[in-house]
Structure formats: C-alpha cells, structure tokens
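# Commentary on secondary and tertiary structure
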Amino acid sequence: FSTLTLLALYKFQSTSTFTYRVTQVIPFPVAKTGSSFVYYENYLFELRRYMHYYESQQGTDFNSEAGKAQLADFKKRALDNVIADAQVKQLAKEHDITVSQAEIEAQMNLLRSQNRLGTNDQVFEDVLKEFWGWSVSDFRRELQSELLAQKVVATLDTEARSRADSVLAQLQAGGDFATLAAEYSDEASTKANGGEYGIDIQRTNRDISPQIIDALFQLQPGEIS
C-alpha cells in the first residue's frame, strides 16, 4: 500500500479523491520551507479546487494537450501557494498571531450580510460543491488561511502601515483626498480618478472586497475610514 501510494504521488502525481483521502491521514511531504515540511494534503486541497472549477464550469479537458499544459501551470501555482501559506504560518507562530473561530464567524456574517454566500445555508453549500468541490468546513479552512495572511501582513509590513498613517494624518490636517489618493494609492482602477469608483456601490457588489463594502456603508458623507 505504501509503495503504491508513493508511486501515485511522486511518480504519477495523482490527484484522485482516493489519493487525496490518503494524504489526509498520512502526512506525505511535497516541499520544505525553512525547517518545516509542506504536506501533500495542502497541495492537493489547493490544486483540486482549481481542477474542479475548470472541469465543471469551463469544460476543460485535462487529458487534452492544452488541458495538460494548463494543469502543469496550475500545479506550479498550487505549490507556490501552499509554500507561501506555510511561510505565513511560520511567521504567525513566531509573532504569536492567530485567527479565532469568532473572527472566522464574523467574516462569515459579513459575507452573509452582503449576500455573498447565497440566499440560505443550503444554497451556499450547493454553490461551494458545484464550483469548488468544497464543503462548508473547507470554505472555513480557506477563510482562516486568508485571514491569517492578512493579519501577518498587517503586523509585519510596518512600512505600509507607516505610509497609511502618514496619509491619514495629512487628510485629518485638511489634505485633499483626491490628490493624496492619486499620489499614494495602490488601487490601480481608482488611483487615476483620485480614488473615485465612479459607480453606485451596492452592498452586494462582488467586484469590491467585502471589507471595503463594510467600511463604506458605515461612513457618512465626508467621513474617512
């Protein structure tokens, strides 16, 4: 059994459900970053959602020549992503950064309030399964990973925080928002317009992050977040 599993993973690079279930039980390494191993289960979790989406929603045939080339690119991206996730977890551990279940639930509630998780729990479960092959627990796992990465960046990227504080101080001292946005903003789609979106924004707008939507709808005209 061990020999067959090793061949399936390291020689044939199997992505089957059976192989994935085995990696959920036995921690086979796929890479190493620093002193920590990155495990095959994390890699397959990332890769299989790509494959499921493109097979089910885009009709991609991964046995065709074009499909094989696309899959090879996906595999590289998936491995890069799980290595980055492992590095985030290392940094989080070093700096005692964690994500609580309450924070995950708060983010879920935020998404629900903006109707990004479907009209009810059953619709949400069906959408996750149809588009990504995920369960709700899989979604929570991904959400926890994203929140942890955000907290690590917010804690360690002191240069960005210092720049943001500087811009905020200028705004509070009467600086012109459009001028400062044009100079400092990282938002490519609005920077040239002095930070203006140029559209009516609804709570359900899926082109804008839920955190930004939440902040916008707490503001009164003329206020800054």
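See the structure shown above.
Nothing here was measured: the structure is a model prediction, and the numbers come from that model. (Residues numbered from 1 in each chain as written. Predicted model: local features only at pLDDT ≥ 70, side-chain atom pairs only at ≥ 80, totals over all residues. Heavy atoms only, no water.)

### Comments concerning the overall build of the protein
Looking only at helices and strands, one finds eleven helices and two strands in the protein. Counting helices and strands in the order they occur from the N terminus, the protein gives α-α-β-β-α-α-α-α-α-α-α-α-α. Principal axes of the C-alpha set define a box for the protein whose edges measure 70 × 40 × 40 Å. Put simply, the protein has 225 residues, and 29% of those count as buried. (Helix = DSSP H or I, 4+ residues; strand = E, 2+ residues; numbered from the N terminus. Buried < 20%, exposed > 50% of the residue type's maximum accessible area, 1.4 Å probe, protein only.)

### With respect to the packing of aromatic side chains
Across all of its chains, the model carries eleven aromatic pairs by this definition. Ring geometry for Tyr-53 and Tyr-54: centres 5.2 Å apart, planes at 85°, overall edge-to-face. Note on Tyr-53 and Phe-131: the rings are 6.4 Å apart at their centroids and 25° apart in plane angle, and the pair reads as stacked. Placement of Tyr-53 in helix α3 (residues 40-56) and of Phe-131 in helix α6 (residues 121-132) is noted, with a sequence separation of 78 residues between them. Under the relative-accessibility criterion, Phe-131 is labelled partly exposed at 29%. The lysine or arginine in question, Lys-32, covers the ring of Phe-37, its NZ or CZ lying 5.1 Å from the ring centre. Above the plane of the ring of Tyr-50 lies Arg-77, whose end atom (NZ or CZ) is 5.1 Å from the centre. (Phe/Tyr/Trp six-rings, centres within 6.5 Å; stacked < 30°, edge-to-face > 60°. Lys NZ or Arg CZ within 6 Å of the ring centre and 35° of its normal.)

### Let's talk about helix α5 (residues 101-113)
For α5, which comprises 13 residues, the first-to-last C-alpha distance of 18 Å matches the rise-based estimate of 18 Å (1.5 Å per residue) to within 8%. Listed in full, the buried residues belonging to α5 are Ile-104, Gln-107, Met-108, Leu-110 and Leu-111. In an axial view of α5, the angular spread of the buried residues amounts to 160°, which keeps them on one side of the axis. Exposed side chains of α5 directed beyond 90 degrees from the buried face belong to Gln-101 and Ala-102. (Expected span 1.5 Å × (residues − 1). Arc of directions from axis to C-beta.)

Function cannot be read off these values alone, since they describe shape.
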